[in-house]
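# Working through the structure, step by step
The residues making up each chain are set out below.
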Amino acid sequence: MDIDEVEGHFQVQFYLIMKWFESRLRFNNLKDDISLNRFLPRENRAIWVPELIFENTEEKPRTLVDDFTTIKVEKMGKFSPSDISECQNIQYFSGSDNQIDMTRFYKQSFLCDYKMAWYPFDVQRCRMTMAIQRSFEPFVNLVVEEIVY
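Anyway, here's the lowdown on the structure attached to this text. Quantities reported herein were computed from a predicted structural model and do not represent experimental measurements.

Okay, the overall build of the protein chain next. Counting its regular elements, the protein chain contains 1 helix and 9 strands. Ordered by position in the sequence, the α and β elements of the protein chain form the string β-β-β-α-β-β-β-β-β-β. Expressed along its principal axes, the backbone C-alpha trace of the protein chain runs to roughly 75 × 30 × 25 Å. Within the span of the protein chain, comprising 149 residues, buried residues form 31% of the whole. Here the analysis covers contacts within the protein chain between residues at least 6 apart in sequence; of these, 72% occur between residues at least 24 apart. Put simply, the protein chain shows about 11200 Å² of open surface, and 51% of that area lies on carbon and sulfur atoms. Measuring between centres, the 18 positive side-chain charges of the protein chain sit 4 Å from its 24 negative side-chain charges.

Here it is, written out as structure tokens:
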């Protein structure tokens, strides 16, 4: 972490983990161990991913889906077996019952309005403000589940 009171910003390194359900997807043969249900890099870009905006920054960057992004599916729901007419024995899992987990590392500088009047007896509170794109607001509910620092 880097804090610059004069410039009014603080820089942090963090892992952002986003979780959601995608009812339009169907997964094949999910394993109990989530690490075995990892998307390939080309698959990362093939699905819809919630896009967050880092609001209190100079350039308002958005979350990324790239080669440094890990997407896995957590087996939570029951499966439907493949039809007898199919040549393979496949277990189909609905996207509405099995959670997608996306993880990516970020190094980001956030703006902060430091109040220095009571220095050195002060307490500063700075936020990392993230928001969803307005067009997605009716479909997405942001919930902070856990913050580890």
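On we go.
To continue, consider the packing of aromatic side chains. For any two aromatic rings, the description comes down to two numbers: the centre-to-centre distance and the angle of the planes. By the definition in use, this model includes 10 aromatic pairs. With 6.1 Å between their ring centres and 90° between their planes, Phe14 and Phe54 make a pair best called edge-to-face. One end of the pair, Phe14, is in strand S2 (residues 9-20); the other, Phe54, is in strand S4 (residues 52-54), with 40 residues separating them in the sequence. Classification of Phe14 by relative accessible area gives buried; the value is 12%. Overall, Phe54 belongs to the buried group, its relative accessible area being 1%. On the basis of an interplanar angle of 40° and a centroid distance of 6.4 Å, the ring pair of Phe14 and Phe110 is categorised as tilted. Within this pair, whereas Phe14 is found in strand S2, its partner Phe110 is found in strand S8 (residues 99-111), the two being separated by 96 residues in sequence. Phe110 carries the same exposure label as Phe14, and that label is buried. Grouping aromatic residues by their ring pairs yields a cluster made of Phe10, Phe14, Phe54, Tyr106 and Phe110. Seen from the ring of Tyr92, Arg26 lies directly overhead, with NZ or CZ sitting 3.8 Å from the centre. If you follow Arg104 out to its NZ or CZ, it ends over the ring of Tyr106, 4.9 Å from the centre.

What follows deals with the sheet that holds strand S1 (residues 2-4). Across the sheet, 4 strands lie side by side as S1-S2-S8-S5; this open sheet has antiparallel pairing. Looking at which strands have only one partner, the edges of the open sheet turn out to be S1 and strand S5 (70-74). On average, each strand axis in the sheet is inclined to that of its neighbour by 35°, with strand direction left out of account. Summarising the sheet, S1 and S2 pair through 3 bridges and their orientation is antiparallel. Its bridge partner being in S2, Ile3 is matched across the sheet by Phe10.

What counts and what doesn't
Residues numbered from 1 in each chain as written. Predicted model: local features only at pLDDT ≥ 70, side-chain atom pairs only at ≥ 80, totals over all residues. Heavy atoms only, no water. Helix = DSSP H or I, 4+ residues; strand = E, 2+ residues; numbered from the N terminus. Buried < 20%, exposed > 50% of the residue type's maximum accessible area, 1.4 Å probe, protein only. Contact = heavy atoms within 4.5 Å. Areas by Shrake-Rupley, 256 points an atom, 1.4 Å probe, with all protein chains shown as cover. Lys, Arg positive; Asp, Glu negative; His and termini not counted. Charge placed at Lys NZ, Arg CZ, Asp CG, Glu CD. Phe/Tyr/Trp six-rings, centres within 6.5 Å; stacked < 30°, edge-to-face > 60°. Lys NZ or Arg CZ within 6 Å of the ring centre and 35° of its normal. Pairing = 2+ DSSP bridges. Axes fitted to C-alpha atoms, helices over the stretch in contact; angles between N-to-C directions.

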